[in-house]
There are 4 protein chains.
Amino acid sequence: MMKLSGQKKDLSIPKTMKAWVLDGPEQLRLTEKPVPEPGPAEVLVRIGAVAICGTDVEIITKGLPAWIQGGPPFNKNFTPGHEYMGTVAKVGAGVDEYEIGDRVAVEIHAGCGRCERCRMGMYTSCLNYGLNYGDQDKGHRANGFTTDGGFAEYAVNHVNTLVHVPEEMSDEEATLIVTAGTAMYGLDVLGGLIAGESLAVTGPGPIGLMSVAVGKALGAQPVILTGTRDTRLKIGIRLGADHVINIQKEDPVEAVKRITGGKGVHYVMECSGAPNAMNEAMDMVNRGGRICLAAFPGEPALVDLAKLVRNNIYVYGIRGEGRSATHRAAALMAQKRFDAKLMHTHTFPLEEVPKAFRYFRERIEDAIKVVVKVH
Amino acid sequence: MMKLSGQKKDLSIPKTMKAWVLDGPEQLRLTEKPVPEPGPAEVLVRIGAVAICGTDVEIITKGLPAWIQGGPPFNKNFTPGHEYMGTVAKVGAGVDEYEIGDRVAVEIHAGCGRCERCRMGMYTSCLNYGLNYGDQDKGHRANGFTTDGGFAEYAVNHVNTLVHVPEEMSDEEATLIVTAGTAMYGLDVLGGLIAGESLAVTGPGPIGLMSVAVGKALGAQPVILTGTRDTRLKIGIRLGADHVINIQKEDPVEAVKRITGGKGVHYVMECSGAPNAMNEAMDMVNRGGRICLAAFPGEPALVDLAKLVRNNIYVYGIRGEGRSATHRAAALMAQKRFDAKLMHTHTFPLEEVPKAFRYFRERIEDAIKVVVKVH
Amino acid sequence: MMKLSGQKKDLSIPKTMKAWVLDGPEQLRLTEKPVPEPGPAEVLVRIGAVAICGTDVEIITKGLPAWIQGGPPFNKNFTPGHEYMGTVAKVGAGVDEYEIGDRVAVEIHAGCGRCERCRMGMYTSCLNYGLNYGDQDKGHRANGFTTDGGFAEYAVNHVNTLVHVPEEMSDEEATLIVTAGTAMYGLDVLGGLIAGESLAVTGPGPIGLMSVAVGKALGAQPVILTGTRDTRLKIGIRLGADHVINIQKEDPVEAVKRITGGKGVHYVMECSGAPNAMNEAMDMVNRGGRICLAAFPGEPALVDLAKLVRNNIYVYGIRGEGRSATHRAAALMAQKRFDAKLMHTHTFPLEEVPKAFRYFRERIEDAIKVVVKVH
Amino acid sequence: MMKLSGQKKDLSIPKTMKAWVLDGPEQLRLTEKPVPEPGPAEVLVRIGAVAICGTDVEIITKGLPAWIQGGPPFNKNFTPGHEYMGTVAKVGAGVDEYEIGDRVAVEIHAGCGRCERCRMGMYTSCLNYGLNYGDQDKGHRANGFTTDGGFAEYAVNHVNTLVHVPEEMSDEEATLIVTAGTAMYGLDVLGGLIAGESLAVTGPGPIGLMSVAVGKALGAQPVILTGTRDTRLKIGIRLGADHVINIQKEDPVEAVKRITGGKGVHYVMECSGAPNAMNEAMDMVNRGGRICLAAFPGEPALVDLAKLVRNNIYVYGIRGEGRSATHRAAALMAQKRFDAKLMHTHTFPLEEVPKAFRYFRERIEDAIKVVVKVH
């Protein structure tokens, strides 16, 4: 890839582009839209590839957790998609952090920069979430949630949501950077001193598998992965799990106790969202241990909270990535500390987004990360 | 009080002492026991006063969470009681941190000092909890839980479980130091930067009331207390609450939103143990807020954990005091930053321990802190 | 004060205003300037009062540390002054955090919001410091350092640099909020768990005196203040110092050891900038203690850094306030936890800025905080 | 190696052993001493190997920083040596953390467990340092500093100073665990979130080289090592340095700026003790960066502390390892994340300790880690 000069010259950018938009629930439609214009502190990204996340399915079917112009994302010409990467095609005023031609991947959240939480660096907890339209424009953006995302040829991104992608990394792998960033952030909030500590990861979805990979890259020992599907667990082993537990064959709490000589683990990354996951996590950690909740349980569940109190356990909810963990995760991937490509199973062209979603939702051919290649 | 010389001279200490012991459940018996001997790093405390805590009731009725010689505390000549104070009557080998004649109050936990958690300073999360007998003596002690406590004339304490009591403070007030230490510790784990931040305290029991007092002493603004009994809530106001909510008259979540202009609070100290308390706490805090659970819910409850994930909320279970917070709380009390005596409602002599428990359990005459005066 | 409606109606704002500008070194000139216009996320403040800080003297005499349009602040029509307060006269696009008529005080730094440090919440360490002009506009602002400040009738402020001022607080007292914010921030970086811990403050200038006040308000015990002038030390006592040491009469390290029974203090706030201050601070703290450097030493000094290593001491440089500590400090002042007014000694009208500086620099009549009342 | 049963059976342990003792300065003498007896919470280690550290040279020549029985270590039958490993030969009362036959390496500090700092987990900042004799026995131990060390056939160790050594690791490599623990601890105090962050290590001594190895193992990028000897710098490259700077050929600050595109690094591990090292470190880090001082400068040096203040830099002194970092470092080594053996250059038998010291001190044949093989 030739590195283009940083002068604010335009690549040849068309006036309009192909983009999928969400009409009613489950109604994605391929249409033609104007190519958006980057404002100050923004760049225009020519999308290279975009991966499908479980949250995209939630948005397309139920609307939430997207929130467009103060309401559900239906029939607003909204383009979903938040796990994308591409090439900088144009830069807005004042941007010199990225140059035209730079390959970039994205993280989701650009906080408003002016609420209490953003001022503390907690931009994923922005108190002005969704306020980026018209009179209520506070500057918050969440790609593919509150602003147009990546199932399109181009997307505008605030510079705060971009990370550089090295040349050797494929487009498909680069779509996984934000997933690795979420896993890294989870380990950060657990305290970050993971080397030599024991880690259980519950749920071998993309974030769970990445938690295995990042945790092991940081030196966690042992790393234990629990799940129901042996195919996924095997990928977990290749990503660094020292032990995998198929919970249909062995009780996961007993397995963790067995592996740790009865002690339990220091940390649990809960990535399953299963109804009993919290109770099991509290039984897996030792006294004074910590749990990160990275998955959304679908419904309220019976939880024995007295265990938290009795055993001085701390629990950290995380909504995706945060605190620049995505940059740090990208650096680990650039150093080839684990092979994220193992999670990439399928690729479809932009025209076949519905088929890509079907593969993802029905887990056809053991699909994990289904990528849509745009350019 | 005359300060006696620090030489290891004995005050006149009898061979035996009066002490209450726990036979079967609900069977407290006043008996005569040998006065114990302090070992290295220990002192003998001549008990001045001991307060009744809700956990004492749990122990006396159900055994747990006490754990004596590897089992339930029944019929082992065990003396409960952990909120006590008194005067140093004798010091063990190597002790110069305290001198004979020093007035002291106690915190509960002396960790083993050798497990991973103790080495990190998390002595209340000691992994050798209860191992302080015979071959399994790892040095852990929890006064009135795993070793004899304060419903007696004397008790032995590790120096790590002692804090100095200033002369101006009454015996009765000094029994509340450990309660203040628990409240302080809760605010510490919430991050400690409480001044100018908003705090909701749910449940006006002793720890809740102390959380109000310590939180306000540290500058929290506003401090909101919720509960069901107006008498307690009024004491909360005198201890520093800016707003009190009787939850039988107003929904506590709506009240918190009303008071904070819709924003919610930065911190919740959950001190009620009520089944819905966690759900309400998650609705009370703003995005990125933090909750400390300081009360044991009696049973598993339906909890909507997705809120933790969606809003980046952190939850901290604490089992009593920790990290020397009791020392820091005692310093606040010595500086008269709040009037802990407001929580002390009744006093009985050592012989009337059963009556004292009855007043506490049945909340006779609005009893809050019921103190047994021993010497 | 009547609270005006939040509609974006203008108060009657003139086209031009009186403002002091800096020509050459020591050359302040009163002139007429256009009243500036607030942009998005900004408000126009009608200045009520502005205090003189030692850094203002540095700027006026040497230029640094101000940095205007990429260079020294001379002959650029620059208005200094960063410790000011006033009333919101107009709000820019998207502002609803403040309304016209709100009384506000300022903190200095609005970070760019897009560099690594700002993204972490460290906006006072903004890596785009001074880049807020023309092509290099990254959004950074430091009032009175890199943008026009408060020796004028009006100033524009980013909403991130504002805090509310309660009605009961005088204009003069409100100018001290940012000083209190700096002291609070220093205690925050020291860990924030100050209650019951020992604190030495070296240097009874405004930040030192505020460190005494805030430290004591947070429960530090004992608070020891060192300095050379008894008049200042006496004010320290009224602000909460438990002990004051005139270092011309007693060696400060020996005094701290004496007061703490040989143990040394947990924390030192170094606010003197004296050549030997760091060496003394290292001798004042106990093993594992922490030092905050809040004053700029004028020149390199001989420092025995081996003490840091041998005793596991941590040292934190702070450049003014940060991490919203100013908001928290303002809350303490609103709660009347200490009487900041004790530090305010003189008031002059806007026309007499040079005289005000002379009083401040020559410490005429024991001047501490000299305030210029504008409206 | 056969794992022996955990029963407290003695291996065949002689009554006396060979041990080097320190008479006057520079006067090491090989003698016969009683084999010591482990007390409660202690084990007897049959020494396998012991490495020479720069601090050993300090002790042997000047006495400090050892401190035996309340004074300098001369003529007290004191055996130095703190970087040793061996096999558990006997366990004291209550020990089940280690069994006879376990291979172990040591860290230096067992805090008293009862001072403020130990109670916080800061056992290397123990306020009872050196108090482990007679009436003043507070339980503090620092192997080879305040109690007998490893230039002998046996040594007694508190369980808190031991870590397990895996079977595949050689004795020589295992002596380097504590060095790795110091490097890990330095990175821990810098915040621990090292992956993807830039790190400069100044000084390619053992701790500097280990800081390179551990920093890179944790994902730091880039890792820059500065020093004067190309042989050492080459080892740095093999341990993971991305860039090495011979400061006799290039100014280290300029080199760091060059490599980081003018930005400077996030973190500096200062391991040289050079007089200008602190000034250079302050110029190497970016605004808001952090510096760990892990080396003792020999003398006070001119330091421009105003840089700390102006740029919000934090500085952390560390005296060796701490907070169980040694356990975590050992886990990284067990996972073969770097090849510590590259630092081991020479081996001598116990009888040749003086020769081993000569090789180390005079850097004969580029000696780095000189190991004495005992058994």
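All figures in this text were calculated on a predicted structure; none of them were measured in a lab.

Describing the overall build of chain A
When helices and strands are tallied, chain A shows 11 helices and 18 strands. Computed over the C-alpha atoms, the radius of gyration of chain A is 20 Å, within 12% of the 21 Å expected from 2.2 N^0.38 for a compact globule of 375 residues. Judged by the C-alpha coordinates and their principal axes, chain A covers about 65 × 40 × 40 Å. Residue burial in chain A is summarised as follows: out of 375 residues, 66% are buried. Relative to all contacts within chain A whose residues are 6 or more apart in sequence, the contacts with residues 24 or more apart total 68%. Split by element, the accessible area of chain A, about 12600 Å² in all, is 50% carbon and sulfur. Separation of charge centres in chain A, based on 42 positive and 43 negative side chains, amounts to 2 Å.

Comments concerning the sheet that holds strand β12 (residues 243-246) of chain C
As summarised here, the arrangement of the 12 strands in space is β12(C)-β11(C)-β10(C)-β13(C)-β14(C)-β16(C)-β16(D)-β14(D)-β13(D)-β10(D)-β11(D)-β12(D), forming an open sheet in which the pairing is mixed. Among the strands making up the open sheet, the edge pair consists of β12 of chain C together with β12 (243-246) of chain D. The mean inter-strand angle of the sheet, taken between neighbouring strand axes irrespective of direction, is 15 degrees. Judged from the four bridges that link them, strand β14 (residues 285-293) of chain D and strand β16 (residues 314-317) of chain D form a sheet pairing that is parallel. Bridging across to β16 of chain D, C292 of chain D finds its partner in Y316 of chain D. Docked against the sheet, helix α7 (residues 252-259) of chain D engages β10 (199-202), β11 (223-227), β12 and β13 (265-270) of chain D, running at close to 155 degrees with respect to β12 of chain D. Where helix α8 (residues 277-284) of chain D meets the sheet, it contacts β10, β11, β13, β14 and β16 of chain D, and its direction lies at approximately 145 degrees from that of β14 of chain D.

Quick notes on the interface of chain D and chain C
Between chain D and chain C, the contact holds 41 residues from the first and 41 residues from the second. Each partner contributes to the roughly 3700 Å² buried at the junction of chain D and chain C, and carbon and sulfur atoms together form 57% of this total. Applying the counting criterion to the chain D and chain C interface returns zero salt bridges. At the junction of chain D with chain C, the criterion picks out 25 residue pairs in polar contact (both at pLDDT 80 or more).

Brief notes about the pattern of salt bridges
Inspection of the entire model under this criterion finds 88 salt bridges over all chains. The network of salt bridges with common partners includes D96 and E97 of chain A together with R114 and K138 of chain C.

Considerations on the pairing of strand β17 (residues 344-349) of chain C
Where a strand is regular, its side chains alternate between the two sheet faces. Residues and elements named next belong to chain C. Sheet topology note: the β17/strand β18 (residues 369-373) ladder contains five bridges and is parallel. Residue pairing in the sheet places H344 in a bridge with K369 of β18. Handedness of the crossover is the feature at issue here: the chain leaves β17, passes through helix α11 (residues 353-362), returns alongside β18, and the resulting connection is right-handed.

Regarding the relation of the copies chain A and chain C
Between chain A and chain C, which share one sequence, the superposing operator has a rotation angle of 180 degrees and an axial displacement of 0.0 Å; the RMSD is 0.0 Å. Such a turn and shift between the copies fits a two-fold axis. Measuring from the rotation axis to each C-alpha of chain A, the shortest distance belongs to G121 of chain A, at 1.9 Å. Taken together, the interface assignments show that 100% of the residues at the interface of chain A recur at the interface of chain C, consistent with an identical surface on both copies.

Brief notes about the sheet that holds strand β12 (residues 243-246) of chain B
The strands that make up a sheet are held in pairs by hydrogen bonds between backbone atoms, and each pair lies either parallel or antiparallel. An order of β12(A)-β11(A)-β10(A)-β13(A)-β14(A)-β16(A)-β16(B)-β14(B)-β13(B)-β10(B)-β11(B)-β12(B) is seen for the 12 strands of this open sheet, with the pairing classed as mixed. Either end of the sheet is taken by a strand with one partner, and the two such strands are β12 (243-246) of chain A together with β12 of chain B. Geometrically, the sheet is characterised by an average inter-axis angle of 15 degrees between neighbouring strands, direction not taken into account. Across four bridges, the pairing between strand β10 (residues 199-202) of chain B and strand β11 (residues 223-227) of chain B is parallel.

Considerations on the environment of I194 of chain D
Along the polypeptide, I194 of chain D turns up in the loop between α4 (177-189) and β10. Each C-alpha atom of the pair I194 of chain D and T124 of chain D lies 23 Å from the other, and the pair is 70 residues apart in sequence. Among all residues touching I194 of chain D, those that are not within four sequence positions of it are R328 of chain A together with L187, G215, L218, G219, A220 and Y267 of chain D.

Section: the interface of chain A and chain C
Facing the 21 residues of chain A at the interface are 21 residues of chain C. Interface area, chain A with chain C, both sides summed: about 1600 Å², of which 28% is carbon and sulfur. Across the chain A-chain C interface, the total number found is eight salt bridges. As a salt-bridge pair, R114 of chain A and E97 of chain C come within 2.9 Å of each other at their nearest N and O atoms. On the surface where chain A and chain C come into contact, there are 22 residue pairs in polar contact (both at pLDDT 80 or more). For the side of chain A that touches chain C, the residue count by class is five nonpolar, seven polar and nine charged.

Some points on the relation of the copies chain D and chain C
Overlaying chain D on chain C yields an RMSD of 0.0 Å, the required transformation being a rotation through 180 degrees with an accompanying axial translation of 0.0 Å. A shared binding surface is used by both copies, with 100% of the interface residues of chain D retained as interface residues in chain C.

As for helix α5 (residues 206-217) of chain D
Residues and elements named next belong to chain D. Taking 1.5 Å per residue, 12 residues should reach 16 Å; α5 reaches 16 Å between its end C-alpha atoms and fits that length. Of all 12 residues in α5, 11 are buried, a share of seventy percent or more. Immediately downstream of α5, the backbone of G219 shows phi near 100 degrees, a positive value.

Re helix α4 (residues 177-189) of chain B
Since the α-helix packs 3.6 residues into each turn, any two residues three or four apart lie on the same face. Residue and element names in this part refer to chain B. Relative to the 18 Å expected for 13 residues at 1.5 Å per residue, α4 spans 18 Å between its end C-alpha atoms, a close match to the ideal helical length. For α4, a buried count of 13 out of 13 residues is recorded, marking the element as mostly surrounded by other parts of the structure. The first or second residue beyond α4 is G191, which carries a positive phi of 125 degrees.

Observations concerning the packing of aromatic side chains
Residues and elements named next belong to chain C. One pass over the full model with this rule turns up 14 aromatic pairs over all chains. Between F151 and F357, the ring centres sit 5.6 Å apart and the planes meet at 55 degrees, which makes this aromatic pair tilted. Taken together, the residues span a long stretch of sequence, with F151 in the loop between β7 (141-142) and β8 (154-158) and F357 in helix α11 at a distance of 206 residues. We note that F151, like F357, is buried.

So, the environment of F357 of chain C
Under the relative-accessibility criterion, F357 of chain C is labelled buried at 5%. Once the C-alpha coordinates of F357 of chain C and D56 of chain C are considered, the two residues, 301 residues apart in sequence, prove to be 9.0 Å apart.

Description of empty space enclosed by the protein
For the structure shown, the criterion picks out seven cavities of 30 Å³ or more. Put simply, the largest cavity is a space of about 100 Å³. G192, I194 and L218 of chain A together with G192 and L218 of chain D are, among the 15 residues lining the largest cavity, the residues nearest its centre. Computed from the structure, the second largest cavity encloses a volume of approximately 90 Å³. Every residue lining the second largest cavity is counted, 13 residues in all, and those nearest its centre are G192 and L218 of chain B together with G192, I194 and L218 of chain C. Residues that form the lining of the second largest cavity fall into these classes: eight nonpolar, two polar and three charged.

Details of the pairing of β10 of chain D
All names here are of chain D. Because side chains alternate across β10, one face comprises the buried residues L199 and V201, and the other comprises A200 and T202, equally buried. The parallel pair β10 and β11 is bridged by α5, and the resulting crossover is right-handed. Of the pairings in the sheet, the one linking β10 to β13 comprises four bridges and is parallel in character. Looking at β13, one finds that L199 is bridged to Y267.

What about unusual backbone geometry?
A negative phi holds for most residues other than glycine; trans holds for most peptide bonds. For the bond running from Q221 of chain A to P222 of chain A, omega is -5 degrees, close enough to zero to count as cis. Along the chain, the position of P222 of chain A falls in the loop between α5 (206-217) and β11 (223-227). Although it is not a glycine, R363 of chain A sits at a positive phi angle of roughly 50 degrees. With respect to the secondary-structure elements, R363 of chain A resides in the loop between α11 (353-361) and β18 (369-373). Note on R363 of chain A: relative accessible area 45%, which makes it partly exposed. The phi torsion at S324 of chain B lies on the positive side, around 60 degrees, for a residue other than glycine. Along the chain, S324 of chain B turns up in the loop between β16 (314-317) and α10 (325-334).

The rules behind these values
Residues numbered from 1 in each chain as written. Chains lettered and ligands numbered in written order. Predicted model: local features only at pLDDT ≥ 70, side-chain atom pairs only at ≥ 80, totals over all residues. Heavy atoms only, no water. Helix = DSSP H or I, 4+ residues; strand = E, 2+ residues; numbered from the N terminus. Rg over C-alpha atoms; globule rule 2.2 N^0.38 Å. Buried < 20%, exposed > 50% of the residue type's maximum accessible area, 1.4 Å probe, protein only. Contact = heavy atoms within 4.5 Å. Areas by Shrake-Rupley, 256 points an atom, 1.4 Å probe, with all protein chains shown as cover. Lys, Arg positive; Asp, Glu negative; His and termini not counted. Charge placed at Lys NZ, Arg CZ, Asp CG, Glu CD. Pairing = 2+ DSSP bridges. Axes fitted to C-alpha atoms, helices over the stretch in contact; angles between N-to-C directions. Buried area = accessible area lost by both parts, 1.4 Å probe. Salt bridge = Lys/Arg side-chain N within 4 Å of Asp/Glu carboxyl O. Polar contact = N/O pair within 3.5 Å; in protein donor to acceptor, adjacent residues only side chain to side chain. Right-handed = clockwise from strand over helix to strand, strands pointing away. Least-squares fit on C-alpha atoms with pLDDT ≥ 70 in both. Nonpolar A, V, L, I, M, F, W, Y, C, P; charged D, E, K, R; others polar. Expected span 1.5 Å × (residues − 1). Phe/Tyr/Trp six-rings, centres within 6.5 Å; stacked < 30°, edge-to-face > 60°. 1 Å grid on protein atoms, 1.4 Å probe; cavity = no way out; pocket = protein on both sides within 12 Å on 5 of 7 lines; lining within 4 Å. Points joined across faces, edges and corners; volume = space filled by probe spheres on them.

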